[in-house]
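Chain by chain, the residues run as shown.
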Amino acid sequence: MPFLTTRPSQSGPIRLATPQRPFCEACGSDEFLVYEEFVPARVLTAGAAKPAEASYTCIECGQFSAHAVPDGWEPPGWFWYA
């Protein structure tokens, strides 16, 4: 199932068919992104793989987005607490 995101200028969700790197389409950059949440890829109890997911906000324009991200991607400077 695709992940959903919404844009302030659109009334409905946008379906993302494939994982994408976080990027603000309004600003044309990933320079101003603040990452709200990152969930690594995982295997569900039924054995199905679920891709990593990220949610983020652009502090330049205020756009929020959340969707699956490519394998191996993680937010810059991200680390796990032990």
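Each remark here, short or long, concerns the structure printed above.
Residues numbered from 1 in each chain as written. Predicted model: local features only at pLDDT ≥ 70, side-chain atom pairs only at ≥ 80, totals over all residues. Heavy atoms only, no water.

1. Focus on the overall build of the protein chain
In terms of helices and strands, the protein chain carries 0 helices and 7 strands. Tracing the protein chain from N to C terminus, the helices and strands come up as β-β-β-β-β-β-β. Per-residue burial over the protein chain gives 28% buried out of 82 residues. When contacts within the protein chain are restricted to residue pairs at least 6 apart in sequence, long-range pairs at least 24 apart make up 44% of them. Approximately 5700 Å² of the protein chain is accessible, and the part contributed by carbon and sulfur atoms is 55%. (Helix = DSSP H or I, 4+ residues; strand = E, 2+ residues; numbered from the N terminus. Buried < 20%, exposed > 50% of the residue type's maximum accessible area, 1.4 Å probe, protein only. Contact = heavy atoms within 4.5 Å. Areas by Shrake-Rupley, 256 points an atom, 1.4 Å probe, with all protein chains shown as cover.)

2. Looking at the packing of aromatic side chains
Overall, the coordinates contain 4 aromatic pairs when judged by the stated rule. Relative to Trp 73, the ring of Tyr 35 has its centre 5.6 Å away and its plane inclined at 55 degrees; by these criteria the two rings are tilted. In this pair, Tyr 35 sits in strand β3 (residues 33-39) while Trp 73 sits in the segment after β7 (64-68), placing the two residues 38 residues apart along the sequence. Between Phe 38 and Trp 78, the ring centres sit 5.5 Å apart and the planes meet at 75 degrees, which makes this aromatic pair edge-to-face. With Phe 38 in strand β3 and Trp 78 in the segment after β7, this pair connects stretches of sequence that are 40 residues apart. (Phe/Tyr/Trp six-rings, centres within 6.5 Å; stacked < 30°, edge-to-face > 60°.)

3. Looking at the side chain of Ser 29
Looking at the secondary structure, you find Ser 29 in the loop between β2 (14-16) and β3. From its side chain, Ser 29 meets the backbone nitrogen of Glu 31 in a polar contact 2.8 Å long. Non-local contacts of Ser 29, meaning those with residues more than four positions away in its chain, are made with Phe 23 and Cys 24. (Polar contact = N/O pair within 3.5 Å; in protein donor to acceptor, adjacent residues only side chain to side chain.)

4. Describing the side chain of Ser 55
Mapped onto the elements, Ser 55 comes out in strand β6 (residues 53-58). Assessed through its relative accessible area of 8%, Ser 55 is described here as buried. Dropping the residues within four chain positions of it, Ser 55 is found in contact with Val 34, Tyr 35, Glu 36, Glu 37, Phe 64, Ser 65 and Ala 66.

5. Remarks on the environment of Lys 50
For Lys 50, the location among the structural elements is in strand β5 (residues 49-50). Lys 50 sits 10 residues away from Pro 40 along the chain, and the two C-alpha atoms are 8.8 Å apart.

6. Details of the pattern of salt bridges
All chains considered together, the criterion is met by 2 salt bridges. A salt bridge links Glu 53 to Arg 42, with the shortest nitrogen-to-oxygen separation between them at 3.5 Å. Remark: Arg 42 occurs in strand β4 (residues 42-43) and Glu 53 occurs in strand β6; sequence separation between them is 11 residues. Glu 53 is the salt-bridge partner of Lys 50, the closest N and O atoms lying 3.6 Å from each other. On the basis of relative accessible area, Lys 50 is assigned to the partly exposed category, the value being 26%. Beyond isolated ion pairs, a larger network of salt bridges with shared partners links Arg 42, Lys 50 and Glu 53. (Salt bridge = Lys/Arg side-chain N within 4 Å of Asp/Glu carboxyl O.)

Worth remembering: the numbers are spatial, not functional.
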